[in-house]
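Read off the chains here:
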Amino acid sequence: MPARIEFHQHQAVAQVTLSYPKRFNAMSRAMWRELRSVFERIQRGTDVRCVLISGHGAHFCAGGDISEYASFRFEEASLRAFHEEDVWGALSAMLACDVPIVAQISGNCMGAGVEIASCSDIRLAGESAQFGAPIARLGFPMAPREAALVGRELGLTTTRQMLLEAAVFSAPEMLQRGFLSRVVADVDLATLAQSTVQRITTLAPQAARLNKQTLRALNQPLALTNTGQVATNTQVADDPLNQLLVSAYAYADSDEQREGITAFLEKRPAVF
């Protein structure tokens, strides 16, 4: 089977599958570009309430497709284009997606897999899943934006172990370290993922999108001057959270809010 990103939509759920079975779903350059296109498509639409991302077969993603590396990694301009355009283009499209993303993680979740999982909102794993980024064995570091993303989601202590000693962690360890939402027996993972997705789709989609926008703004660094001092009022106005406040309550007269509150008062399930 060729390397590709599979996309299927059933009602309000988008299923995104990393598919390159002969390489445990390692990400090729073409797959990174496809992943970006898929999430930009999801973001433009209004009919998807939840995204479920997983790997084909027994693995989530084993990292990057190393068989391609010699064609671009040995020249600065092409290496920069790979990380800043292909890889970060896809990851930033995931991060900018206002639809909740659930990651169903089994088997190998290495390098690129950890980065893709880091862009997900809820991370579920089978108990045999393994996580790492042993790229130091290949002689290169993690790109700066990608390392910042992983460090934020995984924590700097664990990220240092992954990058500096090529440490590999089990799913229970990653749950303990706060990266995973839940870990279950491998045979129960698909059922857990489906029930999680279905639960999300019954909730208000507008509220989910607005919550993701707020959480994204909160993940931005505080507005500081270049001397490290607290920013002035003018500088604070440029802070993402302050920008969000301009329209943060525009949903006041929305049908979804009216339905949610009315249903509660009428003691019935809300229908969104």
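These numbers were taken from a predicted model, which means no experiment stands behind them. (Residues numbered from 1 in each chain as written. Predicted model: local features only at pLDDT ≥ 70, side-chain atom pairs only at ≥ 80, totals over all residues. Heavy atoms only, no water.)

## Remarks on the sheet that holds strand β8 (residues 168–170)
The sheet built from 3 strands is open, its strands ordered β5-β7-β8 with mixed pairing. The outermost strands of the open sheet, each flanked by one partner alone, are β5 (108–110) and β8. Neighbouring strand axes in the sheet, compared pairwise and without regard to direction, differ in orientation by 20° on average. Strand direction decides the pairing type here: β5 and strand β7 (residues 130–132), joined by 3 bridges, are parallel. (Pairing = 2+ DSSP bridges. Helix = DSSP H or I, 4+ residues; strand = E, 2+ residues; numbered from the N terminus. Axes fitted to C-alpha atoms, helices over the stretch in contact; angles between N-to-C directions.)

## Let's talk about the pairing of strand β3 (residues 50–55)
Of all 6 residues that make up β3, 6 are buried, and the element is covered over most of its length. Side-chain alternation along β3 places Cys50, Leu52 and Ser54 on one buried face and Val51, Ile53 and Gly55 on a second face that is also buried. Note: strand β2 (residues 13–19) against β3, 6 bridges, orientation parallel. Paired with Val16 across the bridge in β3 is Ile53. (Buried < 20%, exposed > 50% of the residue type's maximum accessible area, 1.4 Å probe, protein only.)

## With respect to the sheet that holds strand β9 (residues 182–184)
Pairing in this open sheet of 6 strands is mixed, and the strands run β1-β2-β3-β4-β6-β9 from one edge to the other. The open sheet terminates on both sides in strands that have one partner only, identified here as β1 (4–10) and β9. Shown here is a sheet whose adjacent strand axes are inclined to one another by a mean of 20°, direction ignored. Of the strand pairs in this sheet, strand β4 (residues 101–105) and strand β6 (residues 122–126) are connected by 4 bridges, and their pairing is parallel. The residue of β6 that forms the bridge with Gln104 is Leu124.

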